[in-house]
Structures are given as C-alpha cells and as structure tokens.
Amino acid sequence: MEVCIVGGGTAGWMAASAMAKKFEDQSLNITLVESEDIGTVGVGEATLPHIRFFNQALGINEREFMKETRATFKLGIEFVDWGKIGQSYIHPFGDFGQSINNIEFYQAWLSQSRSRSNSDLSVLSDYAFGTVAATQGKFQFPHSGQTRAQRSFGYAYQFDSGLYAKFLRRFAENLGVTRIEGKVVDTTVEPNSGNVTSLTLLNNQVIKSDLFIDCSGFRGLLIEQALKTGYQDWSSWLPCNRAVAVPCERQNSIPPYTRATAQKAGWIWRIPLQHRTGNGHVYWSEFTSDQDALDTLIRQLDGKPTAEPKQLYFKTGRRNAFWKNNVIAIGLSAGFLEPLESTSIHLIQEGITDLLALFPHENYAHTGGTRVLQINDLDCDEYNQRMALQFERIRDFLLLHYVANDRSDSEMWRYFSSMSLPDSLVEKLDLWKKRAYVQRYEHGTFLPPSWVAVLLGQNISPENCDPRVASISSSEFHRHAEAIKKDIKNAVDAALPHEAFLRKFGAYYSEPVLR
Amino acid sequence: MNQKVQRILVYGNTIAASYTALSLDVALDTNIDIVLVEPKAIAYNDILFGGIAPPNFYDFHYKLGVSEPDLLLKTNTGFSFGTEYKNWGPSRKNWIQCYHLPFATDHGVDFHQLVNRLNLNMDEYLVSAVAAKYGVFAHPPTDNSNNALSRAEYGYHFSTQRLKALLREKLSTHRVNVIQATIVDVMTDEQHIKEVTLDNGSVVDAQLFIDCYGPDSPLLTTLAGEFEHQLAKQYIHNIEKNTAVDAACRVAQGTPNGYQVEWSLQDERHTLELAKKFDVKSPKHARAQNITTGHRDCAWHGNCIGIGHSVCIAEPLTDAPMRLLHADIQRLMELFPIDVDMAVERKEFNRRYQNDVESSLLFHQAFFDYRTDGKALASKLDRKITQYLHRGVLVSFDLELFNKEDWTIQHAGMGRTPMFHDRLVDELDLALVDEHFKRQKAGLRHLVSKMPPYADYLHKLLIYLRNKQF
C-alpha cells in the first residue's frame, strides 16, 4: 500500500514514525511531502504523560530523545491569575493523597479543612508529589519512589517541537520513509469513490497514493480544500482566535512545569526548555490588538527575546469528519483547541493510535486505470466517533478554566461569566458545587483529579462534600494525611533540582566544544 | 439552608434491602437514622438475581464487614468461575463465560486477534475456563504473577435467603431500627413522600425513602407508576439436595421456550428456568410463577430511590442482576443526598442508572444476536457486533457493566468471527505463534491437573475454617 503524508511538522513525522514502526515488516511504502517554504506552527511544545508511551512504543531512548529535543521534565501546569488575580495553583499529573475508607482523599480533606481551625492541614497540593516537587524545582522518576505516595504521579516533557520533528524524521527515514521536498499545488480526486488519488507538486512531480494522511495544518489541504469536509466552529465557547509566540533566553533554573498566566483578553504560556523558554500569548482579537498582545507578551518575558515574534491565526473547533474517503486528518488539520492544557500533541497521538488500530486493509478497485483503495465505512465511522469524543471532552475541560473563576475584570472575562455552557459542563459544575462530586467518564483525557485540581485551584468551593466523610474521625484523617505529607516531603527533600537531575540522567544537551 | 437528611427509610424484605441497609449503616455517620421496614412476605423473586455474584463482590462484602470465611461458613455459598453456556443458539455453541483478569497482548497483538487468526477455541487458553471445565478449584495466588492461575478470577454462587440473613446479622442493632411491618399507606406531597403508615398503625416519616421491595415497588409506584418497560415472563425454580458438589461454574442452556440456569451450592442444587410462557398443562410446569421483567426509565423520583428489582428486573441469563444491584448501591453511596433538595443528585443518579441498565441489556441482547455479518451501526449493539465481525474491534462505551474481557469471551463463544484481523498478525510467524499457544494450552492442562477437585477443595477449606474459627 502506498501511503502519503502531507506535511512534515510534529504531526506528520509522528504519524510517519508510528506507521513505519508498527508496519515495519509489511509492504507499506510511506512518503512524506513537506516544503521548507511552509513553516510549521509548533505550538505544542508541552505535552501530557501519554507521550512517553508513544516514544516507548517506537523504542526511542528517553535520554537521547531529551538531549536532541532540548527537553525538560514536566510535572504539571501552573495556572496564574485564573481563579483570581494574584492567585496561582498547579494542575499536577497525578492524584491528591490516597483514598481513606474508600472515599477520595480530597473529599475528606475538604470536610476537615472546613470544619477546622486546622491550619496544620495546609493545602491540598501538599498531598501530590508533582505539585510539591514542581514548586521546589525538583524532579525524580515515579519508579524511584519508595512508597505509593512517592510513586503516584506522572510526568511529561517540554521540548522543542521543531527538533522533535527532526528527531522523528531521522527515525522514520531510517525505517524507510521517503521524504519529498515540495509544495503541493494540486490534488486529484477520483469522482466515483471521492478518494484523493494524487498530488501535484510545484515542480510538476505527481505523487500517487492509496491513502493520504493530511498533516498540512490549519488549512487542511486535503480534508478541507479537496474534500470539503466542513468545520464545526466552537468559537462561541472558546473565542480566542490568535496567538503570538516568541522564544526568550532561559532562566537560571529550569522549572519542571509549564506556566499559563491569564490575561485580560487571553493567556500567556511559558514553556521552559533546556536552551530557551518558549512563550506565547493566546488572545481574542475582539478585545486586544495584535500589537497590544505582543507588547503584553514581551513585558512578561523572563529573558531577552531570541527570535522574531510569530503570529498565528486560528478558529477553535474540529472538522465534521476526521477521516473521509481515503484521507485522515491528523494534527491541526483535524481541528484546533488552544494549548492551555497541552493537548495539541496529545490529540495527534490519539489520532495516530486510533488510525493504527483501524488501519485500512488492502482492498482495491480499479477505475479507469486508477487503483482506488476501498475504504470500509465501519473504519471511518469508528475513528470519527472516537476522535469526536476526545475533542469534545477536552473542549469542556478547557472551557472550565474560563468559566470557573471569580474574574470579571475585563470584557473577555465578563463574556465568559455570562455565556451559556454546554449541557455536559453545566451538569459537571452543578454536581461539583453541590457536593464536590466529579462526574466520571472512561474515554477521555482528563480524569477526576484534573477536574479537582482546576476547580479547587480556581476557587470553586463546593457547598458540601460527600456525606460519608462524616464517618471519618478528625484524628483518623490527620494521621492518614500527615503520613502522606511526610512521605512526599521526604522524597522531595531527597530529590535533585531539575537541571541537576537532567545532567545526572544524561539528558542535558551541551554545545559541542570547539577546538 | 435546606434541611439535611436525618432519617432514611429502607423498605423491603429482599437481598437488595439487606445490602442497602448494611451499606448505609457502614458508610454514614451515626447521627443519621436508618429505619429498615421489613414486610413479612418473603421475596420469592429474589431468586431472579440468578444465584451468581461477580468477582467484585469480594471487595464489596469486605467493605461491609462480610468476609469470605463468613460467607462460606454461615451461608452455603460456593465459588464460581463463571457460567457455562451449553448448546446455545441455533449453532448450538458451547463455551464458558468465565471471569478473567485483562488479557495480555501477545507479540504486540491483542489476544483475541491471535485466537481468531489461528482459529483456536478461546476457552482452552483461559485459566478460569479450563479449571471450570475440569471441575477443579483453588484460590488464585496473589503473590506470584508467574503462576497462570493468578490470571483467574472467581465470584460466588449463593442462596439469597441465607445471604440475606448474614447481611441482616451484620446490621448494627444500635444504629438500624428494624421494624417488621408492611406499609399500608404512603402520604405524598408534590411528588415527594412525606410519611408512610405501617400495618401496625404506626407512622414513620423520613427525608429519604429507599424502595427495595421488589417488582411491585409500592413506594416508587406511588410516585411514578409502574415500570415503563415490561415483558411478561414465567419462571420455575427448583432446589434439590446436593449429593455431590459440581463444578465451580453455573450452567445455562436453551429450552424449547427459553432457557435455564443451574448452580451448585455447598448442599443444594438450584435450577431456574425462564420462558415467555410455559405449557401449563404439563405437570412439570405447574409451579410456574409469573414475573414481569423490565425496567423503569428512572430509578429516583422525588425523595424515593429504587434499588434492585424495584427498578430493574434483569434476566438471570448472565450475572447482570447482581452487577446491577452492586451498581445501584455504589451509586447510592456516591450520591447520597446532602439535603432535601435532591435535584442535582437525582439527575446524576438517573443518568448513571440508565447507563448501567443499557449496558446490561446490551450484553444480554448480544446472547440472542446470531448475525454473522453486518453493516448496521444504528444502535450501540450494532456497533459492538458489527465492528467485531468486521475486524475484531472491541467497541466500548463509558463505564460499562461488562468489560472488554466479558465481551471478547462472549463474541468468541457465540462464534463471531471477524472478517479481517489485525494487520500485525500477518507479520508474525504463525507456526511459532501456534507453537506458543500449544505450549500455553499444555501448561494450563498441566496446571489444572495439579489442582484439587472443586468439591474436595471446598470440603477441606470448610474444615480448615471451622477449626480456625473455634
């Protein structure tokens, strides 16, 4: 089977690598077409812990990967000024505490912390290794933990996505993926099947293929421009529509977490890498100009800018179909959700994982001398259902950050405070406010601890908590909580500072010494 | 501030009522009153729980203070590796729907994909099924993951009457006020129950009423009428003295009008036959009881929650009835209302209830879905079966009562064969994989040959527990 990937950014090379690895011993010829004239967006420099499984499945050495992509470890995201100006919290990868009498720890903590003069209970974040280590700028692997509390966290990476694409390019080319430099100027669609059959490049080279993976970014060269799939516009819920990005010199110490600072008309990201810090301002153009957005970003940089600002335009939403005929859209061509919770690369990964599971079988028809891959509707349908659910659930979680807070100090925040929410989110908020209950689901990226972190972090205090906590005595809870807190503190005290850990692990990049 | 829930009234003389009262007793603070009103009438319909509880009842019981030795010594409970389906459907399929830990991938490919490609009988590679088939039993080791038996899971065969008695015994006498009486009148106000009058003349009020009475569900019926989804059926239940304990496995097989399930306890053997309608002229069928299976749209109306058969009478072809009962109680515990304004909890409870009922119905209906190919994707069941038949894809929805292993075993047992298989299977040296499976099969056979017959194991375990106890 001939497979052609259009676009060579993070999505393109992740897809190429995964397919080349998974189908290493099969007759699959993978070609990736990219043009150096077309830049990549590369907004997703911060990731979720799932990326580790992707790299592991490829057999990538973590140390080498980190060194080459200038990666740092990430224990979570710090949200600044979201609940209220002047406040911050960390959304860690992992749970808070451990359940007590089969009741979630946070429920017991809420109950005790409201009925107390108990200042010794401190804050919920003291009971998550990721948060405590992040605030102290330290890191260790979960598997090094001696106890459950010390192991109950996840980690991800912050890396240079351009370098990640290069790293994967080498990986994929070693597995036989062919890279063609060129700009696509035309596509041919076979009228009976609706399949895209070939691409024409600027140099008139024609590339025929059975299956196309559209990683062409926002424009959706195949999924939209050729196949007219249509787009679901979600900007009424997530109206930020522009971003400006600029890297700056790194700080003295490298925080093992990403930061998202709320602004009057959007928010600013800070992603610390080994060699620089990535920064960007996501904003709603209705309430700030491009120049003001850039000025706001520049004012908040931790160091001197190291490159020219890059302007991005987007519309939040998703394609009506992610897979149509013989085209599968992965990455920004599939849809866009602002990178507030670092989901961009994760959604690429989800798309690739589902594609590999539902990869079409070799079944061809021949129409007018053209070989046409027969796509089974069942595969498309399953893929589209799975991806739609992923997008929708992430959308609700992102929206939560904007609506669950005390802010009304600008037009944007007032817009959010009066907007009508999706029913699915209204239900979740009602349940939380009434009794600190988090509605669970099985298929989705963010589990209950993430919802707890954001809701409590943004001052959405529930009126009540689970009534079963009344059966836990104060002394029983204190013993339980104190043991966890001490356990975490001991492990964090013993952990190395982030940069020292990177160096000791051998993941730290150092410039070659010139002689 | 709304009035807090200070008193709960649980109504029923059923296993659902006993589980519910004990769960509330264990979980809630002692300043909440629990009143259990038990009518004298014995709940014959409890037999429709099917006599089989899935593996998660070990933990459930443990949390309620009911240990496995308690169960074995104080009731006539036995162990269960699952249900064996015999001569099922038009193709007369035979398989053991066993309990099993998640299947491992092999050579990077899902277990079921390899089994399908090599055209193997899945039963022969699942330790619980092999042990059940050979009539042996031993507790799966928890400290040795290299032992193939550690992948097995087991549930229980039980008698509802004896289990109910044990649960009742565990109720705190200081805390739970048990009143043996029948409710003769229900006083309501704006779709809420205010108080009930008992046949002893007393009146009991509460902020929350839990209807565990069974299919007649008098409290819920007062508020919401009868079941919206009903299907009239008949059943016959037989109990015989056990001369010998059979396999640790229930048996289900088709009958001319329906099906029957049989299970063995320590000293009894139960047979339960279900049909749309029995031939009443036949003396064998003279004892047939009428039952309306089905379910309500919502399990929580006003300030009244239904648990167990008061809201859903699932058929006992599978262990769905006990899975649903467990889910009902877990839902109740997680959403126990804070105060008399229960709107938020009620909505979520009903959403989860509907999900659970739908999930159990899907699994049940799939036993009667004999399609061998399909294109339809209209319903959730279509998606599950069509996608499996297409390429072995296991479609799953949020928080289903039956997991992927359950569905995989059922698909294989029903003879559903995917048209395509995982592409990676083609990369494998199938002769080598086949050899690996042969070794696995021989290994399991060897393992079960060393395990004691179930009857012996149970007998010796009971002696040991009795000696230990005294």
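Residues numbered from 1 in each chain as written. Chains lettered and ligands numbered in written order. Predicted model: local features only at pLDDT ≥ 70, side-chain atom pairs only at ≥ 80, totals over all residues.

This part covers the overall build of chain B. From N to C terminus, chain B includes 13 helices and 20 strands. Taken over the C-alpha trace, chain B has a radius of gyration of 23 Å; the compact-globule value for 470 residues is 23 Å, and the two agree within 12%. With respect to the three principal axes, the spread of C-alpha positions in chain B is 75 × 60 × 55 Å. Residues counted as buried form 48% of the 470 residues belonging to chain B. Relative to all contacts within chain B whose residues are 6 or more apart in sequence, the contacts with residues 24 or more apart total 75%. (Helix = DSSP H or I, 4+ residues; strand = E, 2+ residues; numbered from the N terminus. Rg over C-alpha atoms; globule rule 2.2 N^0.38 Å. Buried ≥ 20, exposed ≤ 12 C-beta atoms within 10 Å, placed from the backbone. Contact = placed C-beta atoms within 7 Å.)

Attention now goes to the overall build of chain A. Within chain A, the regular secondary structure consists of 16 helices and 25 strands. Whereas a compact globule of 515 residues would reach a radius of gyration of roughly 24 Å, chain A reaches 24 Å, a difference of no more than 12%. With the principal axes as the frame, chain A shows a C-alpha extent of 80 × 65 × 50 Å. Out of the 515 residues in chain A, the part that is buried amounts to 50%. Residue pairs at least 24 apart in sequence account for 77% of intrachain contacts in chain A once pairs closer than 6 positions are excluded.

A few words on helix H10 (residues 344–357) of chain A. All names here are of chain A. With 14 residues, H10 extends 20 Å between its outermost C-alpha atoms, agreeing within 8% with the 20 Å of an ideal straight helix rising 1.5 Å per residue. Taking burial as the measure, the 14 residues of H10 include 11 buried ones, the bulk of the element. Those residues of H10 that fall on the buried side of the exposure criterion are Ser344, Ile345, His346, Leu347, Ile348, Gln349, Glu350, Gly351, Ile352, Asp354 and Leu355. (Expected span 1.5 Å × (residues − 1).)

All names here are of chain B. The domain boundaries assigned to chain B delineate domain 1 (7–79 + 159–230 + 292–361) and domain 2 (100–152 + 369–461). Spacing between the C-alpha centres of domain 1 and domain 2 amounts to 35 Å. At the level of elements, strand E4 (78–80), helix H8 (320–334) and helix H9 (343–366) are the ones that each hand at least two residues to the side of domain 1 that touches domain 2. (Domains from an automatic or database assignment.)

The subject of this paragraph is the interface of chain A and chain B. On the side of chain B, 21 residues touch chain A, which itself brings 25 residues to the contact. Those elements that provide at least two residues to the side of chain A that touches chain B are helix H11 (377–403) and helix H13 (423–435) of chain A. It is H13 of chain A that contributes the most residues to the side of chain A that touches chain B, 4 residues altogether. Split into classes, the residues belonging to the side of chain A that touches chain B amount to 8 nonpolar, 8 polar and 9 charged. (Nonpolar A, V, L, I, M, F, W, Y, C, P; charged D, E, K, R; others polar.)

What follows is about the sheet that holds strand E10 (residues 192–198) of chain B. Residues and elements named next belong to chain B. Strands sit in the order E9-E10-E11 across an open sheet of 3 strands; the sheet is antiparallel. The sheet terminates laterally at strand E9 (183–189) and strand E11 (203–205), the two strands that pair on one side only. Each adjacent strand pair in this sheet contributes to an overall mean axis angle of 25°, direction not counted. Taken together, the 3 bridges between E10 and E11 define a ladder with antiparallel strand orientation. Directly across from Thr197, in E11, lies its bridge partner Val203. (Pairing = 2+ DSSP bridges. Axes fitted to C-alpha atoms, helices over the stretch in contact; angles between N-to-C directions.)

What follows deals with the nonpolar core. Residues Ile5, Val6, Ala15, Ala16 and Ile330 of chain A are the most contacted members of the largest nonpolar core, which totals 150 residues. No other element matches the 9 residues that H11 of chain A contributes to this core. Grouped together as the second largest cluster of nonpolar side chains are 119 residues, Val10, Phe49, Phe81 and Cys212 of chain B included. (Core = buried A, V, L, I, M, F, W, Y, C linked by C-beta atoms within 7 Å.)

Residue and element names in this part refer to chain A. Remark: helix H1 (residues 10–22) packs on helix H7 (residues 161–174), axes separated minimally by 9 Å, with the N-to-C direction vectors making an angle of 30°. Of the possible angle classes, the one that applies to H1 and H7 is roughly parallel. For the pair H1 and H7, the crossing hand works out as left-handed. The residues of H7 that touch H1, namely those facing Thr10, Trp13, Met14, Ala16, Ser17 and Ala20, are Ser161, Tyr164, Ala165, Leu168, Arg169, Phe171 and Ala172. Class assignment of the residues belonging to the contact of H1 with H7 gives a composition of 9 nonpolar, 3 polar and 1 charged. (Parallel < 35°, antiparallel > 145°, perpendicular 65-115°, else oblique. Left-handed = near helix turned anticlockwise from the far one by under 90°.)

Attention now moves to the sheet that holds strand E14 (residues 242–245) of chain A. Residue and element names in this part refer to chain A. With mixed pairing, the 7 strands of this open sheet are ordered in space as E5-E4-E15-E16-E17-E14-E18. Because the sheet does not close on itself, it has two edges, and the strands there are strand E5 (88–92) and strand E18 (310–313). When the angles between neighbouring strand axes are averaged without regard to direction, this sheet yields 20°. Inspection of the sheet shows E14 paired to E18 by 4 bridges, in the antiparallel sense. The residue of E18 that forms the bridge with Ala245 is Lys310. The strands touched by helix H14 (residues 448–457) are strand E4 (76–80) and E5; relative to E5, the strand with the most contacts, the crossing angle is about 180°.

A few words now on helix H13 (residues 454–469) of chain B. Working note: α-helix, 3.6 residues per turn, so residues spaced by three or four point in the same direction. Residues and elements named next belong to chain B. Taking 1.5 Å of rise per residue, 16 residues should cover 22 Å, and H13 covers 22 Å from first to last C-alpha, within 8% of that figure. Along H13, the residues that are buried comprise Tyr454, Ala455 and Leu458. Viewed along the axis of H13, the buried residues span an arc of 100°, placing them on a single side of the element. Of the residues in H13, the exposed ones pointing more than 90 degrees away from the buried face are Lys460, Ile463, Tyr464, Asn467 and Lys468. In this structure, the buried residues of H13 make contact with E4. (Arc of directions from axis to C-beta.)

A few words now on the pairing of E10 of chain B. All names here are of chain B. Note: E9 against E10, 6 bridges, orientation antiparallel. Of the residues in E10, the one forming a bridge with Asp189 is His192. Counted between consecutive antiparallel strands, the loop separating E9 from E10 contains 2 residues, among which Glu190 sits at a positive phi close to 50°. Once E10 ends, the chain turns through 4 residues before running back antiparallel as E11, passing Gly201 with a positive phi of about 90°.

A separate point is the environment of Gln26 of chain A. Position of Gln26 of chain A among the secondary structure elements: in the loop between H1 and strand E2 (29–34). Ignoring sequence-local partners within four residues, the contact set of Gln26 of chain A consists of Arg423, Asp426 and Glu427 of chain B.

Residues and elements named next belong to chain B. Their axes nearest at 10 Å, the elements H9 and helix H10 (residues 380–391) cross at an angle of 50°. By the angle between their directions, the pair H9 and H10 is classed as oblique. In terms of crossing hand, the pair formed by H9 and H10 is right-handed. Of H10, the residues touching H9 (which contributes Leu362, Gln365 and Ala366) are Lys380, Leu381, Lys384 and Ile385. Here the residues of the contact of H9 with H10 are counted per class, giving 4 nonpolar, 1 polar and 2 charged.

All right, on to unusual backbone geometry then. All names here are of chain A. Notably, Arg70 is not glycine yet its phi reads approximately 60°, a positive angle. Looking at the element boundaries, Arg70 is found in the loop between helix H3 (62–69) and strand E3 (72–74). Residue Arg70 is classed as partly exposed on the basis of its 19 C-beta neighbours within 10 Å. The backbone of Asn325 sits at a positive phi, close to 50°, despite the residue not being glycine. Its location among the elements puts Asn325 in the loop between strand E20 (323–324) and strand E21 (327–329).

Another point: the confidence of the model for chain B. Caution is warranted with low-pLDDT regions, since their predicted coordinates should not be read in detail. Summary statistics for chain B give a mean pLDDT of 94 and a share of 100% for residues scoring 70 or more. Under the prediction, the complex receives an ipTM of 0.92, its pTM being 0.95. (pLDDT = per-residue confidence, 0-100.)

Residue and element names in this part refer to chain B. For Asn177, the position within the fold is in strand E8 (residues 176–180). Taking the C-alpha atoms as reference points, Asn177 and Arg445, separated by 268 residues in sequence, lie 53 Å from one another. If sequence neighbours within four positions are ignored, Asn177 has contacts with Asp33, Ile34 and Val35.

What follows covers the pairing of strand E12 (residues 208–211) of chain B. Residues and elements named next belong to chain B. Judged by which residues are buried, E12 turns out to be covered on both faces: Leu208 and Ile210 on one side and Phe209 and Asp211 on the other are all buried. Direction of pairing for strand E1 (residues 7–11) relative to E12: parallel, over a ladder of 4 bridges. Counted as the bridge partner of Ile8 is Leu208 from E12. By the bridge criterion, 3 bridges tie E12 to strand E19 (residues 304–306) in an arrangement that is parallel. If you follow Ile210 over to E19, its bridge partner there is Ile305.

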